[in-house]
Every structure is written in C-alpha cells, then in structure tokens.
Amino acid sequence: MSDILSDIGMRLKQWRKENRYTQAETASLLEMSLNFYGDIERGRCRLSIEKIILVHERLGIDPTYLLTGEKRQSVGFYDIIKDCPKDKIFDMEQIVRYASNLYRRNDKDD
C-alpha cells in the first residue's frame, strides 16, 4: 500500500511543480493543512474519496491517472470520424451538431 501512496504523492507533486504551485497553495486549493498535504506527497497519508474528487475538480487531474498512473486517451470528434465512410461523414456531422444544440439548450435551462 505504501508504494501506491508514494506514487499518488509523486503524481501530485509532479502536477504541482509543472504548474508552479507551492505546497501551501495546493493544500489551500484542496482544503487541507500544509502538513497533511506534505504527508500525502511523501506517501505517508492517503486521500479520501472527497479529496480525490477535489483534486479532479480543482487541479484537473483525472482520478484514474492519480490512482494508477494510467492516462486515458481523450477522443475528439475527428478521432471518431476518421474511420467513418466518406459518404457518412456529413450525417455524422449533423448528429454531432444536433447533440451539441441539445446540450446547449439543457445547459441554459439549468
């Protein structure tokens, strides 16, 4: 278990350094004490589920990556249609436009 905690701490530290945050700034973002955050980076303490969600929401770190080190591949529209038959690309574009319009309407309702 300590290897897992060390790996999670290493990934947090790497994010922090890449984004030029101090430990104090990161601890504040995650609503925890500086000492506790430092212990997480050193692999001495573990994150609760609530804190993992905060890491995702506030730091933008994917929970799967945080916990396992495995990066998910993001899939964009062009990745989806690259294998689409040429005569169906227009149809696919129309579907995406329709879905996007539905999303925007629902987003305005909230």
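So, how was this worked out
- Residues numbered from 1 in each chain as written.
- Predicted model: local features only at pLDDT ≥ 70, side-chain atom pairs only at ≥ 80, totals over all residues.
- Heavy atoms only, no water.
- Helix = DSSP H or I, 4+ residues; strand = E, 2+ residues; numbered from the N terminus.
- Expected span 1.5 Å × (residues − 1).
- Buried < 20%, exposed > 50% of the residue type's maximum accessible area, 1.4 Å probe, protein only.
- Arc of directions from axis to C-beta.
- Contact = heavy atoms within 4.5 Å.

Trainee: Quick question: what am I supposed to make of helix α1 (residues 2–18) here?
Mentor: Owing to its 3.6 residues per turn, the α-helix brings residues three or four apart onto one side. Along its 17 residues, α1 runs 24 Å from first to last C-alpha, staying within 8% of the 24 Å computed at 1.5 Å per residue. Of the positions making up α1, those classed as buried are Leu5, Ile8, Gly9, Arg11, Leu12, Trp15 and Arg16. All buried residues of α1 project into a common sector of 155 degrees when viewed along the axis, lining one side. Opposite the buried face of α1, by more than 90 degrees, sit the exposed residues Asp3, Lys17 and Glu18. The inward-facing, buried residues of α1 abut α2 (23–29), α3 (34–41), α4 (49–59) and α5 (63–68). Of the residues trailing α1, arginine 20 is marked for its positive phi of about 55 degrees.

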